[in-house]
Amino acid sequence: MPTKTLLRLLAGLFAISLVAAACGSDDDGGGGEAAACEVGATDGDLAIFNWAEYIDEEQLAAFSDEFGVGVTMDVYDSNEAMQPIIAAGNSGYSLIVPSDYMVAILIAGGDIQPLNKDALPNLSNLSSDFQGLIYDPDGSYSVPYQWGTTGLSVDTAVVGTDFPRSWALVFDPAVADEFSGQISLLNDPRETMGAALKYLGYSLNTSDEGELAEATELVAATSGRLAAYNTDSADELLTTGETAIGHGYSGDMFTQFLETDDPSQYVYFVPEEGGTRWIDNMAIPFDAPSACTAHTFINWLMDGEQGAALSNWNYYATPNDAALDGLDEDLLVFLNDDSVIAGGIDSLESIQDTGDFEVNYSDAFIEAKG
């Protein structure tokens, strides 16, 4: 089977659980009406609030040159860090990149505005696997940006090659104590509490207080052997030798491996107990100062050439069908390596909005970190 066909199949398997649950969902909430924008229109400079190392500055410069607007970007290290800034208003940002479950939270809070799809003709390039998703069933508020997984990376020069493909590397003292002070976890409540929950055999979307309490105790007991809770540079901590085991995102890790003298020294995998699959999305805050420029940027990035350039730089998978033919061979090999997901596709879960229980995750993470 050709590699691009495998990638489409994997994308479909990743997205199907999100699509299947979408039937009958409503788009309640959302901030106001869609902006009255023409295709390619701009109404000011573009301020982006995004994850770190998620788009090439040169690609942003290319957009700036083509449309004659300034582009700036600030970064956040978790959805929970971004959300209150956007919800408070007057953030100054016109484009944000929330993950799947956070899109639902932002819609419910009226924190993002409906999209004007007439200004987004390149939506025709969006794979059918990324339409009808549970968190935004009609795609009224968001456009998928990239997708991937969250797992562990290991420096085999320190850990060796005969190690368990398990969260035990972090959470089981019998395994992890050997690497005390050389382990990092993401500074992200849903991801890190979710990892502990998966290790314990629970869903990472649990709303059971007892299960979350067990996970809180586990993370708290692990804190003493950590080098850091770090999202922005977990990949660099690993390849500079500051850590030997790092919790992180698939593309971040693989891109960093390729910058080393010997990429084969490092291994990324989703542990056998399971982990997170996610879709990040582009959305426009309810009070965006340059909503038309944001629409134009979204449409531009959904062009096949720009979509391929994005993935070839950050090494995440694209939801853009028109981009697939432009993906680098190294990226396709990584994306199609089924050994990466140690427990198989069925072991993966997408983080979902747990409603009023969300605050419990944030509180539990704060408690566990101490």
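Treat the numbers as computed from the prediction; the structure is a model and nothing was measured. (Residues numbered from 1 in each chain as written. Predicted model: local features only at pLDDT ≥ 70, side-chain atom pairs only at ≥ 80, totals over all residues. Heavy atoms only, no water.)

1. As for the state of the cysteines
Enumeration according to the criterion identifies one disulfide in this entry. In this model, Cys-37 is linked to Cys-292 through a disulfide, with the two sulfur atoms separated by 2.1 Å. Here the disulfide of Cys-37 and Cys-292 is left-handed, its torsion about the S-S bond being about -85 degrees. One end of the pair, Cys-37, is in the loop between α1 (3–20) and β1 (46–51); the other, Cys-292, is in helix α12 (residues 291–301), and 255 residues separate them in sequence. (Disulfide = S-S within 2.5 Å. Helix = DSSP H or I, 4+ residues; strand = E, 2+ residues; numbered from the N terminus.)

2. Focus: helix α15 (residues 358–369)
Its 12 residues place the ends of α15 17 Å apart at the C-alpha level, agreeing with the 16 Å of an ideal helix rising 1.5 Å per residue. Where the residues of α15 are buried, they touch α3 (79–87), α4 (100–108), α8 (189–199), α9 (209–223) and β6 (226–229). In the stretch just after α15, Gly-370 is the one whose phi turns positive, near 75 degrees. (Expected span 1.5 Å × (residues − 1). Contact = heavy atoms within 4.5 Å.)

3. What about the packing of α3 against α4?
At their nearest, the axes of α3 and α4 sit 11 Å apart, and the two run at 20 degrees to each other. One element, α3, and the other, α4, form an angle in the roughly parallel class. In terms of crossing hand, the pair formed by α3 and α4 is right-handed. Each of Asn-79, Glu-80, Met-82 and Gln-83 in α3 lies in contact with α4, whose residues at this interface are Tyr-101, Met-102, Ile-105 and Leu-106. (Axes fitted to C-alpha atoms, helices over the stretch in contact; angles between N-to-C directions. Parallel < 35°, antiparallel > 145°, perpendicular 65-115°, else oblique. Left-handed = near helix turned anticlockwise from the far one by under 90°.)

4. Notes on a negative patch on the surface
Judged by side-chain charge, Asp-208, Glu-209, Glu-214, Glu-217, Asp-363 and Glu-367 come together as a negatively charged surface patch. Mapped by element, the contributors of at least two residues to the negative patch are α9 and α15. Among the elements that line the negative patch, the one with the most residues is α9, at three residues. Relative to the assigned elements, Glu-367 resides in helix α15. (Patch = residues over 30% accessible without salt bridge, like charges linked within 9 Å, V, L, I, M, F, W, Y side chains within 5 Å. Areas by Shrake-Rupley, 256 points an atom, 1.4 Å probe, with all protein chains shown as cover. Salt bridge = Lys/Arg side-chain N within 4 Å of Asp/Glu carboxyl O. Lys, Arg positive; Asp, Glu negative; His and termini not counted. Charge placed at Lys NZ, Arg CZ, Asp CG, Glu CD.)

5. Concerning the confidence of the model for the chain
On average, residues of the chain carry a pLDDT of 92, and 92% of them reach 70 or more. Across residues 1–6 the pLDDT falls below 50, and counting only partners more than four positions away or on other chains, this stretch makes eight contacts in the model. Note on residues 20–27: pLDDT under 50 across the span, and 12 contacts to partners over four residues away in sequence or across chains. (pLDDT = per-residue confidence, 0-100.)

6. Description of the nonpolar core
In this structure, Leu-95 and Phe-297 are the most contacted members of the largest nonpolar core, which totals 80 residues. Leu-95 has contacts with Leu-46, Ala-47, Ile-48, Phe-49, Met-282, Ala-283, Ile-284, Pro-285, Ala-294, Phe-297 and Ile-298, leaving out every residue within four places of it along the chain. Core analysis: the next-biggest nonpolar cluster, separate from the first, contains 30 residues, Phe-171, Leu-185, Phe-269 and Ala-364 among them. (Core = buried A, V, L, I, M, F, W, Y, C linked by side-chain atoms within 4.5 Å. Buried < 20%, exposed > 50% of the residue type's maximum accessible area, 1.4 Å probe, protein only.)

7. Some points on the pattern of salt bridges
Here the structure, examined in full by the defined rule, presents three salt bridges. Between Arg-190 and Glu-358 there is a salt bridge, with the nearest N and O atoms lying 2.5 Å from each other. Placement of the pair is Arg-190 in helix α8 and Glu-358 in helix α15, with a sequence separation of 168 residues. The class of Glu-358 is buried, set by a relative accessible area of 11%. Of the charged contacts, one joins Lys-198 and Glu-349 as a salt bridge, the two residues approaching to 3.0 Å between their closest N and O atoms. Residue Lys-198 is located in helix α8, and its partner Glu-349 is located in strand β10 (residues 348–350); the two are separated by 151 residues in the primary sequence. There is no split in this pair, since Lys-198 and Glu-349 are both buried.

8. Here we look at the sheet that holds strand β3 (residues 95–96)
Taken together, the three strands give an open sheet; going across it, the order is β2-β1-β3, and neighbouring strands pair in parallel fashion. Looking at the sheet topology across the chains shown, the edges are occupied by β2 (71–76) and β3. Here six bridges tie β1 to β2, and the two strands are oriented parallel to one another. What sits directly across from Asn-50, in β2, is Val-75. Here α12 sits on the sheet in contact with β1 and β3, set at roughly 55 degrees to β1. (Pairing = 2+ DSSP bridges.)

9. Overview of unusual backbone geometry
Phi is positive for Glu-53, which is not a glycine, with a value near 55 degrees. Relative to the helices and strands, Glu-53 is located in the loop between β1 and α2 (57–67). Overall, the relative accessible area of 30% leaves Glu-53 in the partly exposed class. Positive phi, normally seen in glycine, also occurs at Tyr-315, with a value near 60 degrees. Inspection of the secondary structure puts Tyr-315 in the loop between α13 (304–314) and α14 (329–335).

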